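Notes for the structure review
So the chains spell out like this:
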Amino acid sequence: MTKYVYSFGAGNADGDASMKNLLGGKGANLAEMNKIGLPVPPGFTITTEVCTAFYELGQKYPDELAAQVEAATKKVGETVGKTFGDKENPLLVSVRSGARASMPGMMDTVLNLGLNDETVEGLANKSGNRRFAYDSYRRFIQMYSNVVLELEHHMFEDILESFKEINDYKDDTELNAEDWEEIVRKYKSAVEAEMGKPFPQDVNDQLWGAVGAVFKSWMNDRAIFYRKMHDIPQSWGTAVNVQAMVFGNMGDTSATGVAFTRNPSTGEKLFYGEYLINAQGEDVVAGIRTPKSITKVQRVTMGESGESLEESLPDVYAQLDEVYKKLENHYRDMQDIEFTAENGKLWMLQTRNGKRTAKAALKIAVDMVAEGMITKEEGVARIDAAALDQLLHPTIKASYKRDVLTKGLPASPGAAVGEVVFDADEAEQMAQAGKSVILVREETSPEDIHGMHAARAIVTSRGGMTSHAAVVARGMGRPCVSGAGEIRIDEAAEKFVVKGREIKKGEIISVDGGLGEVLFGAAELEQPELSGDFATLMAWADDVRHLKVRANAETPLDAKTARDFGAEGIGLCRTEHMFFDAERIAAVREMILSEAKSGREAALAKILPMQRKDFVDLFTIMAGLPVTIRLLDPPLHEFLPHSAEDVEAVAKATGLDGDKLLQRAKDLHEFNPMLGHRGCRLGITFPEIYEMQARAIFEAAIEVAKASGTAPIPEIMIPLVSTRKELQILKGRVIAIGEEVMAQAGMKIEYMVGTMIELPRAAVCADEIAQEAEFFSFGTNDLTQTTLGISRDDAGRFMNDYIAQGIFEKDPFVTIDQDGVGSLIKIAKEKGRSVREKIKLGICGEHGGDPASIEFCEKVGLDYVSCSPYRVPIARLAAAQAALNNAK
Ligand code: PEP
Ligand code: MG
């Protein structure tokens, strides 16, 4: 018989922390906490295998499940001395999802399950607290109706709001037992009116309804979107955790809260969290009531009125203090915990490694190494390389004069500027139209996730540091200000009002997520200082990595940025970017459109000094580091004049006949330019282009060598080669120019001539090509395009369908298709090295900055990766992690 249900409670557990795949993160950690003697309400976990089976069987359960759930429920009852469905002393349970990777707020939860018209009386008598019993019952009806019966929340909120209005109540706390009873009656008749049948009274029906809803929530839109964004495979499934309820809403010595063992925004070693007295867990996370700080220090720093948990319930705080320290030491990582205090007794409901900003991740890793809790290698392994991106985001310049509209909570750092938008769909549409937008909402819910993703920053008027908006924005690396309570949003009028000022949709505001400020107008932004913890961790990463990291850069600014970020050379200088410059394009067009060689040479003579200056700048900035310069690559087609004015401009500049030029442009038009007259084919048909470029490179190298005393090492790269002969011819011409320039200058410099591997033929015949090439650089953009036969410029139209239908797990233009393109890279490496043992191997396609692809490059044994300047730190870290993984 397969074991589908794992019990835990009273210090025992069937599972443990190592069983995340089967029990989900929450279930595995609930088991583990039991085992290390922490107070955890007893319960059981229905495994992720059941979720998979549920979908395979067409939303049905495996046969053995019912009996296992029944036995486990009974056991929970015995542990707490209550019985599920019993009129006198009823056991109530929570039903929660729990996937292998945490997906906060993405799936469903039901609390207080097991209440009906009879058991609620039992709960009232047993607890001696009728108000609490009916408060729990109304919460249950609302949650169950929403999650399982799929009725709208607002139906219940409207009933409660109008009841409060009629009775002149402001807060929920003013409602007494009779009031809640009345609300329960109203809720039940509303459900019956909507559903055409009464609210379910059978507790077993309730349980299976909730379990089914959790499994179904695995496939809801927001969960699917979240998985896609975080690369979580659909096949993992979720577990379901059923746990005896403990009540944070039993009165003034009861509370519920969430906390982080260190500050998740800054990483500071300070216990940090929020709580609510007399409330249930969902109140905190949902941002319905604004919670208070847990510690006194935090309360004072935040300038909050009211008491912290440390002050209001010192006894509970003392229990919590002990537990959180024990948890952090046990897991050796910052924990994100959920707890409830019931009549002064602390219960732990969850622990997991806490999500954190990149800044916090760095600080926590560096601090924990200093504390001796983890090793440097563990510190390096723990940072999510892709998340470093957050640190590379701009902040607001200190000199900028801020027009602060209001201040909220600093929920997620970074700064952004954008147009105000109030609706998630609209945010997405505007972003797709190329606008920068800032999503402003009362609070966000998981339905808004696509809009949050599209927005540059998020502002909410309600909710705390652990509200949905705050948690999700931090995970996405979006700046976020939450709980900006002075903002009044009027969605209908498409505006918000703050301190008497009116900001309409489309007006520009700025957000400082680090300070929690919302500013009027477009702030001036600047790049962050990359020192301190960042530099420390990067140095550790550099110690363990084998792969070198270079940058793809053409402009002096990009080259400088790349060096600041630690690039060890330039892996790809795309010279065509230099040709598109407004000043040069006319000369370039003149060259292309000239029918005679002499005309082309005259045009090239104009370009030569500019091109030489480009290389002087690059070599100077890179100060002796290798610089790979690729000779002209793009389809000639791209340089053709598009409009009559363009043609006229060329005619004017050259004195050539306009009609003739137009005809020539038509003749050069290509049907399939990506597979047409481009790459080395340009060099073959127009030798003078590559000769001019080679001359510019050699002359620049000599100029810099003479001026600085440090000789640059140019690596001259020929693109889109598929045969040895192409390379042989072109290399011969480059060498001839080199000899000529060096002889004239009376100086020799070191250089290399190599090729890109961008075509399957080049990969398969790499042994032939390596006879000429001194290095290979894998141009995986084109290699992916040509191997899959998918146009890199048009793939976007159907790629999402391919990923949604599981044909590709990831976009092959982002992460290397290891089986296809990857195999070609391996073949090319083997064959290349068989001819030229020490041939230098690198990658310069977009994949060079993608952590998963970098791991592949390490495994294959390339020498370096090259990526865009901003991704250099990510690549350095990913290369270190790849080396550590490979050594395992
Ligand atoms: C490539 O094809 O991977 C490459 C780096 O060249 P480009 O993107 O310029 O075609
Ligand atoms: Mg290419």
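How each quantity is defined
Residues numbered from 1 in each chain as written. Chains lettered and ligands numbered in written order. Predicted model: local features only at pLDDT ≥ 70, side-chain atom pairs only at ≥ 80, totals over all residues. Heavy atoms only, no water. Helix = DSSP H or I, 4+ residues; strand = E, 2+ residues; numbered from the N terminus. Buried < 20%, exposed > 50% of the residue type's maximum accessible area, 1.4 Å probe, protein only. Contact = heavy atoms within 4.5 Å. Arc of directions from axis to C-beta. Polar contact = N/O pair within 3.5 Å; in protein donor to acceptor, adjacent residues only side chain to side chain. Domains from an automatic or database assignment. Donors = N, O, S within 2.8 Å, 3.2 Å for Na, K, Ca; no water. Pairing = 2+ DSSP bridges. Axes fitted to C-alpha atoms, helices over the stretch in contact; angles between N-to-C directions. Near = heavy atom within 4 Å. Areas by Shrake-Rupley, 256 points an atom, 1.4 Å probe, with all protein chains shown as cover. Nonpolar A, V, L, I, M, F, W, Y, C, P; charged D, E, K, R; others polar. Phe/Tyr/Trp six-rings, centres within 6.5 Å; stacked < 30°, edge-to-face > 60°. Left-handed = near helix turned anticlockwise from the far one by under 90°. Disulfide = S-S within 2.5 Å. 1 Å grid on protein atoms, 1.4 Å probe; cavity = no way out; pocket = protein on both sides within 12 Å on 5 of 7 lines; lining within 4 Å. Points joined across faces, edges and corners; volume = space filled by probe spheres on them.

1. Examining the overall build of the protein chain
Within the protein chain, the secondary structure is distributed over 35 helices and 34 strands. Counting only C-alpha atoms and orienting by the principal axes, one finds that the protein chain spans roughly 100 × 65 × 55 Å. Within the protein chain, buried positions represent 56% of all 888 residues. For the protein chain, restricting intrachain contacts to residue pairs at least 6 apart in sequence, the fraction spanning at least 24 positions comes to 69%.

2. A word on unusual backbone geometry
One non-glycine residue with positive phi stands out, namely Asp-168, at about 60°. The backbone of Asn-278 sits at a positive phi, close to 50°, despite the residue not being glycine.

3. Here's the deal with helix H2 (residues 48-56)
Taken residue by residue, H2 has Thr-48, Val-50, Cys-51, Ala-53 and Phe-54 as its buried positions. Residues of H2 that are buried in the fold lie against helix H1 (20-35), strand E3 (43-46), helix H3 (65-80), helix H8 (203-217) and strand E8 (238-244). Phi turns positive, to about 70°, at Gly-58, one or two residues after H2.

4. Describing helix H20 (residues 556-564)
If you check which residues of H20 are buried, you get Ala-559, Thr-561 and Ala-562. All buried residues of H20 project into a common sector of 160° when viewed along the axis, lining one side. When the buried face of H20 is taken as reference, the exposed residues oriented beyond 90 degrees from it are Leu-557 and Asp-564. The inward-facing, buried residues of H20 contact strand E27 (548-552), strand E28 (570-574), helix H23 (597-622) and helix H35 (872-887). Two or three places before Asp-558, at the start of H20, stands the capping residue Thr-555, its side-chain oxygen 3.0 Å from that residue's backbone nitrogen.

5. Considerations on the domain arrangement of the protein chain
By convention, interface size is frequently given as the accessible area that disappears when the constituent parts associate. What the domain assignment lists for the protein chain is domain 1 (255-356), domain 2 (394-526) and domain 3 (545-887). Computed from C-alpha atoms alone, the centre-to-centre distance between domain 1 and domain 3 is 54 Å.

6. Quick notes on the coordination of the magnesium ion (ligand 2)
Taken together, Glu-758 (OE) and Asp-782 (OD) make up the protein donors of the magnesium ion (ligand 2), found 1.9 to 2.0 Å from the metal. Here Asp-782 lies in helix H31 (residues 780-788) and Glu-758 lies in the loop between strand E31 (752-757) and helix H29 (760-764), a separation of 24 residues in the sequence. What makes Glu-758 buried here is its relative accessible area of 2%.

7. Overview of the sheet that holds strand E19 (residues 457-460)
Strands in a sheet are paired, the pairing made by backbone hydrogen bonds, and the direction either parallel or antiparallel. Strands sit in the order E15-E25-E24-E17-E18-E19-E20-E16 across an open sheet of eight strands; the sheet is mixed. For this open sheet the edge positions go to strand E15 (404-407) and strand E16 (409-412), each flanked by a neighbour on one side alone. Across the sheet, the mean angle from the axis of one strand to that of its neighbour is 30°, orientation sign disregarded. Note that E19 and strand E20 (residues 480-482) share two bridges and pair parallel. Bridging from a neighbouring strand, Ile-458 pairs with Cys-480 of E20. Strands strand E17 (415-421) and strand E18 (437-441) of the sheet are contacted by helix H16 (residues 424-432), whose axis makes an angle of about 175° with E18.

8. Considering the site of ligand 1
Neighbouring residues of ligand 1: 14 residues in total, closest Arg-574, Arg-630, Gly-779, Asn-781 and Arg-792. Here Gly-779 contributes a backbone N or O atom positioned 3.3 Å from an oxygen atom of ligand 1. Here an oxygen atom of ligand 1 sits 2.7 Å away from a polar atom, N or O, in the side chain of Arg-792. Alone, ligand 1 offers 290 Å² of accessible surface; in the complex the protein occludes 96% of this. Those elements giving two or more residues to the shell around ligand 1 turn out to be E28 and H31. Of the residues forming the shell around ligand 1, the biggest block, three residues, is contributed by H31. A breakdown of the residues in the shell around ligand 1 according to their chemical character gives three nonpolar, four polar and seven charged.

9. Points about the pairing of strand E9 (residues 255-260)
Counting buried positions along E9 yields six of six residues, so the element is predominantly enclosed. Where E9 lies against strand E12 (residues 335-342), six bridges are found, and the strand directions are antiparallel. What sits directly across from Val-258, in E12, is Glu-338.

10. What about the packing of aromatic side chains?
The full count for this structure, using the stated rule, is 19 aromatic pairs. Ring geometry for Phe-163 against Tyr-169: centres 6.4 Å apart, planes inclined by 45°, an arrangement best described as tilted. On the basis of relative accessible area, Tyr-169 is assigned to the partly exposed category, the value being 21%.

11. Topic: the environment of His-546
With respect to the helices, strands and loops of the structure, His-546 is situated in the loop between helix H19 (532-544) and E27. Taking the C-alpha atoms as reference, His-546 lies 10.0 Å from Leu-884; in sequence the two are 338 residues apart. Leaving out residues up to four positions away in the same chain, His-546 has contacts with Glu-858, Asp-863 and Ala-883. Looking at His-546, its side chain comes within polar contact range of the side chain of Glu-858, at 2.7 Å.

12. Overview of the sheet that holds strand E33 (residues 840-843)
Within the closed barrel, the eight strands sit side by side as E27-E28-E29-E30-E31-E32-E33-E34. Their pairing is parallel. In this sheet, neighbouring strand axes are inclined to one another by 25° on average, regardless of whether the strands run parallel or antiparallel. Each of strand E32 (775-778) and E33 is contacted by helix H33 (residues 818-835), which is oriented at about 180° to E32, the strand it contacts most.

13. Examining the packing of H23 against helix H27 (residues 687-708)
For the pair H23 and H27, the least separation of the axes is 8 Å and the interaxial angle reads 35°. In this structure, the crossing between H23 and H27 has a hand that is right-handed. Of the residues in H27, those touching H23 at Lys-597, Arg-600, Glu-601, Leu-604, Ile-607, Leu-608, Gln-611, Arg-612, Phe-615, Val-616, Phe-619 and Thr-620 are Glu-688, Ile-689, Met-692, Gln-693, Arg-695, Ala-696, Ile-697, Glu-699, Ala-700, Ala-701, Glu-703 and Val-704. Here the residues of the contact of H23 with H27 are counted per class, giving 13 nonpolar, three polar and eight charged.

14. So, the state of the cysteines
Taken as a whole and judged by the stated rule, the model has zero disulfides. Here Cys-765 is not disulfide-linked; the sulfur of Cys-680 is the nearest cysteine sulfur, at 14 Å. For Cys-765, a relative accessible area of 13% translates into the label buried. In this structure Cys-857 is not part of a disulfide, and its nearest cysteine sulfur, from Cys-867, lies 11 Å away.

15. A closer look at empty space enclosed by the protein
Taken as a whole and assessed by the stated rule, the structure comprises five cavities of 30 Å³ or more. Of the voids in this model, the largest cavity is the one considered here, and its volume is about 100 Å³. Surrounding the largest cavity, 14 residues form its lining, Arg-96, Met-245, Val-246, Thr-340 and Leu-349 being those nearest its centre. Residue assignment for the lining of the largest cavity shows that the elements contributing at least two residues are strand E6 (93-99), E8 and helix H10 (281-285). Across the lining of the largest cavity, the residue classes break down as six nonpolar, six polar and two charged.

16. What about the side chain of Arg-550?
Summarising the element assignment, Arg-550 is placed in strand E27. Among the polar contacts made by the side chain of Arg-550, one reaches the main-chain carbonyl oxygen of Ile-570 at a distance of 3.3 Å.

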